[in-house]
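Each chain, letter by letter, is given below.
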Amino acid sequence: MDASAVIRTHGITKVYTMGATQVHALRGIDVDIQKGEMVAIMGASGSGKSTFMNILGGLDYPTAGTYELDGIQVSALSKNKLADVRNQKIGFVFQGFNLLARTTAVENVELPLLYDRLGRVKNPRQAAVRALERVGLGDRVDHLPNELSGGQQQRVAIARALVTEPAMLLADEPTGNLDSVTTVEVMTLFQELNDSGITILLVTHEHDVASYASRVIELRDGRVIRDEYQQRASAREDLERILAEREREELEEVNT
Amino acid sequence: MRPFRLVKVAGKSIIKNKMRTLLTMLGIIIGVGAVLVMVAVGDGAKSQIESQIRNLGSNMLVVTPGSSSAGGVSRGSGSFNRLSLEDAEKIKNESVFVSMVSPVVTTFSQIIGGSGNWRARLNGVDVDYLLIRDWNLASGSWFTAQDVRSGKKVAVLGKTVADQLFAGQDAVGQTIQIRNVPVQVIGVLEPKGQTPEGSDQDDVVLSPYTTVQQRLSRFRFISQILVSTSNQNDIPAAQDEIGAILRESHGLAQFEENDFEVKNQTQLADAASGTTEVMTLLLAAIASISLLVGGIGIMNIMLVSVTERTREIGIRMAIGARGSDVLVQFLIEAIVMSVLGGAIGVAIGFGGAALVANVTGWSTVVEPNTVIVALVFSAAVGIFFGFYPARKAAAMNPIDALRFE
Ligand SMILES: Nc1ncnc2c1ncn2[C@@H]1O[C@H](COP(=O)(O)OP(=O)(O)OP(=O)(O)O)[C@@H](O)[C@H]1O
Ligand SMILES: [Mg+2]
């Protein structure tokens, strides 16, 4: 086994019990993810992607199996310790952004630092501004979520996930609520972050999005049915091509 | 560092939701305001009574025949009158601290004179009485020690009696009839007003006690002995001393209780304000109920807001807030809102008390203690009623909270 594995799961199962019926959402997942990987998790609706991500993100406990994150046995932690792991080791990005309403971008981003028990960051605001600059929103620091576009809101959420400098970024359908151009923009950001060394796991339905990852894991009925490395496409190149195409179309429109 | 950050988090949440905050605080604001006004009315009445008592005389002690119990059977207050002239005499001669003494013999009598016929209190007193009572003459003169010794038939009239009998004329020099005995009016007193119990102190005729006892009635009992010290600091010592003198004078054995009472003005005030104390308590109790309702209001709105804020709680937990962080945040929010509401309530209470005083003419007093108690109480309300919703919020599971729509 490789010592640089960030994530190591063994026999993860998850059973939801609803009255008499039991739903086996995960039926034994063994996955190792190395530091610096960018992994796309795919699969049909109900295949268990979100359930798996929630367990990886420390938001939920598996029914059975072990999960080791950065050398910590997460599946054995108490609720409070799990909260600390979420705070210090994991950056989670949601499909629906999940920003606090009536709260400016920078305040949203500094929030995780306010819950940091170690108080590692002395100036949360400054760190939050830097995280916003990193996702290209240095000029939107004091904007409220409802004053931002969907893509910008998702970038605020990514900045919030980054601000604690976590071991990895987990994103459950981060582009699910975005249009195609914004999707490529956000994927460009993910690729840049990945290039700077951050491990990224993202759930997606779209093959286009998955093509930007260097590894694709596919689930079906709570099992891994495919786990392949691939040559990842460059989101930046795609973005530039799309923007250039757009410009040309606009020019044509003006000319006619 | 961390608690401070949580205070910051709670503070932001309060500021960002002004309407919710205001609604939450409203109950406390009204409750504290109501308590303050009610207690101010009660305290105002009490302080008015106290000032009336102070008006009774300066450095004054009142000795009255008290309840005596023999063989465990209480005979009730004043049931067996054992105050005598000798008692007054003894106090005068033996006490170190007492500077003035006057026995008071009280009876009621029909007074005939001038144009009228008036029933008034007839007090037989000694020469020191006026000084003890801090009372001045409006006209005429006061009787002398010689008048007392000889039992001279002279009287000094209270303002009310003088007005009733000699309206518009000078009463001094006139003759009045008390129980068919002609008595000469030598002076008229300045008005003194009402006692705390509401009786008119000016509805009185003062004569030497010898005259009253020997010539005007067959009433021999001394209803009170009024005493005053030259120095206010001597009052407690004088109280003890008089007690010892009278016990000896009455021949009381060690185990027997006093058959008299010696009260200072504070004790008199306490007795007189006993009823207003009850009233204050009652008013405060009623107002406290509104504070309680205010507290329930806080809980109610916080419970609703826990549901409404489920998503927010989920987000906070997802990024690493512990259950205890959420608990503390909600508790701080509750406390800050209730104390803030309390403070606004205090301000409104001050205004309300002033308004009540203005409109009704009652005197209202807002004591610093009332303000402190109101603030502490509202903080307690915040903790008490904020705890349940806060715990509910803290017990949430992040996944369920995030999935909540
Ligand atoms: N809280 C829950 N209680 C009961 N069953 C659940 C719960 N959460 C998920 N499930 C079930 O577990 C299975 C996996 O759900 P999951 O949300 O992981 O799927 P998914 O792959 O994320 O689907 P989608 O692509 O639609 O988001 C589904 O059958 C779902 O109904
Ligand atoms: Mg899902």
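Residues numbered from 1 in each chain as written. Chains lettered and ligands numbered in written order. Predicted model: local features only at pLDDT ≥ 70, side-chain atom pairs only at ≥ 80, totals over all residues. Heavy atoms only, no water.

Peer 1: Can you help me understand the sheet that holds strand β6 (residues 90-93) of chain A in this one?
Peer 2: Pairing between sheet strands relies on hydrogen bonds along the backbone, with the strands arranged either parallel or antiparallel. All names here are of chain A. Taken in spatial order, the 6 strands line up as β6-β7-β8-β3-β9-β10 in an open sheet, and their pairing is mixed. In this open sheet, the two strands that pair with only one neighbour each are β6 and β10 (223-229). If you compare each strand with its neighbour and ignore which way they point, the axes differ by 15° on average. Across the face of the sheet, helix α2 (residues 79-89) comes into contact with β6 and β7 (168-172) while running at roughly 80° to β6. Each of β3 (38-43), β7 and β8 (199-203) is contacted by helix α6 (residues 180-195), which is oriented at about 150° to β8, the strand it contacts most. (Pairing = 2+ DSSP bridges. Helix = DSSP H or I, 4+ residues; strand = E, 2+ residues; numbered from the N terminus. Axes fitted to C-alpha atoms, helices over the stretch in contact; angles between N-to-C directions. Contact = heavy atoms within 4.5 Å.)

Peer 1: How should I be thinking about the confidence of the model for chain B in this particular structure?
Peer 2: Low pLDDT means the predicted atomic positions in that stretch should not be read closely. Residues and elements named next belong to chain B. Overall, the prediction assigns chain B a mean pLDDT of 84, with 93% of residues at 70 or greater. Confidence drops under pLDDT 50 across residues 68-79; counting only partners more than four residues distant or on other chains, this segment forms 19 contacts. Taken together, the chains of this predicted complex give a pTM of 0.70 and an interface ipTM of 0.93. (pLDDT = per-residue confidence, 0-100.)

Peer 1: Mind showing me how you'd approach the environment of B:Q48 here?
Peer 2: Residue and element names in this part refer to chain B. Within the element layout of this structure, Q48 appears in helix α2 (residues 18-54). Under the relative-accessibility criterion, Q48 is labelled partly exposed at 43%. Between the C-alpha atom of Q48 and that of T364, which follows or precedes it by 316 residues, the distance is 9.3 Å. (Buried < 20%, exposed > 50% of the residue type's maximum accessible area, 1.4 Å probe, protein only.)

Peer 1: How should the site of ligand 1 be read in this particular structure?
Peer 2: Taken together, 15 residues sit near ligand 1, with A:S45, A:G46, A:K49, A:S50 and A:T51 positioned nearest. Near ligand 1, residues from chains A and B are present, making the site a shared one. Here an oxygen atom of ligand 1 sits 2.5 Å away from a polar atom, N or O, in the side chain of A:S45. Taking B:R403, its side chain carries an N or O atom lying 2.9 Å from a nitrogen atom of ligand 1. In the complex, 69% of the free accessible area of ligand 1, which totals 630 Å², lies under the protein chains. Contributions of two or more residues to the shell around ligand 1 are made by β1 (5-18), β2 (21-34) and α1 (49-56) of chain A. In terms of residue count, α1(A) provides more of the shell around ligand 1 than any other element does, 3 residues in total. Of the residues that constitute the shell around ligand 1, the class distribution is 5 nonpolar, 7 polar and 3 charged. (Near = heavy atom within 4 Å. Polar contact = N/O pair within 3.5 Å; in protein donor to acceptor, adjacent residues only side chain to side chain. Areas by Shrake-Rupley, 256 points an atom, 1.4 Å probe, with all protein chains shown as cover. Nonpolar A, V, L, I, M, F, W, Y, C, P; charged D, E, K, R; others polar.)

Peer 1: Would you take a moment to explain the packing of helix α5 (residues 150-162) of chain A against α6(A) for this structure?
Peer 2: Between two packed helices, what matters for the description is the angle formed by their axes and the separation of those axes. Residues and elements named next belong to chain A. Two elements in contact, α5 and α6, have axes separated by 10 Å at closest approach and are oriented at 20°. Classified by the angle between their axes, α5 and α6 sit roughly parallel to one another. At the point where α5 passes α6, the crossing takes the right-handed sense. Residues G151, R155, I158 and L162 of α5 lie in contact with α6, whose contacting residues are T182, E185, V186, L189, F190 and L193. For the contact of α5 with α6, the class distribution of residues is 6 nonpolar, 2 polar and 2 charged. (Parallel < 35°, antiparallel > 145°, perpendicular 65-115°, else oblique. Left-handed = near helix turned anticlockwise from the far one by under 90°.)

Peer 1: It is not clear to me how the packing of aromatic side chains should be interpreted in this structure. Could you clarify?
Peer 2: Aromatic rings in a pair are described by how distant their centres are and how their planes are angled relative to each other. All names here are of chain B. The full count for this structure, using the stated rule, is 3 aromatic pairs over all chains. The interplanar angle of 25° and the centroid separation of 4.2 Å between the aromatic rings of W142 and F143 together place this pair among those described as stacked. Taking relative accessible area as the criterion, F143 reaches 2% and is therefore assigned buried. Ring centres of F384 and F385 lie 5.0 Å apart, and the angle between their planes is 85°; on these two criteria the pair is classed as edge-to-face. (Phe/Tyr/Trp six-rings, centres within 6.5 Å; stacked < 30°, edge-to-face > 60°.)

Peer 1: It is not clear to me how the domain arrangement of chain B should be interpreted in this structure. Could you clarify?
Peer 2: Many descriptions give the size of an interface as the accessible area lost when the pieces come together. Per the domain assignment, the segments making up chain B are domain 1 (3-52 + 270-403) and domain 2 (98-229). The C-alpha centroid of domain 2 of chain B is placed 57 Å from the C-alpha centroid of domain 1 of chain B. (Domains from an automatic or database assignment.)

Peer 1: Whenever I open this one, a nonpolar patch on the surface confuses me. Can you help?
Peer 2: A contiguous nonpolar patch, built from B:M19, B:L23, B:L26 and B:I30 and spanning about 400 Å² of accessible area, is present on the exposed surface. Position of B:I30 relative to the elements: it lies in helix α2. (Patch = residues over 30% accessible without salt bridge, like charges linked within 9 Å, V, L, I, M, F, W, Y side chains within 5 Å. Salt bridge = Lys/Arg side-chain N within 4 Å of Asp/Glu carboxyl O.)

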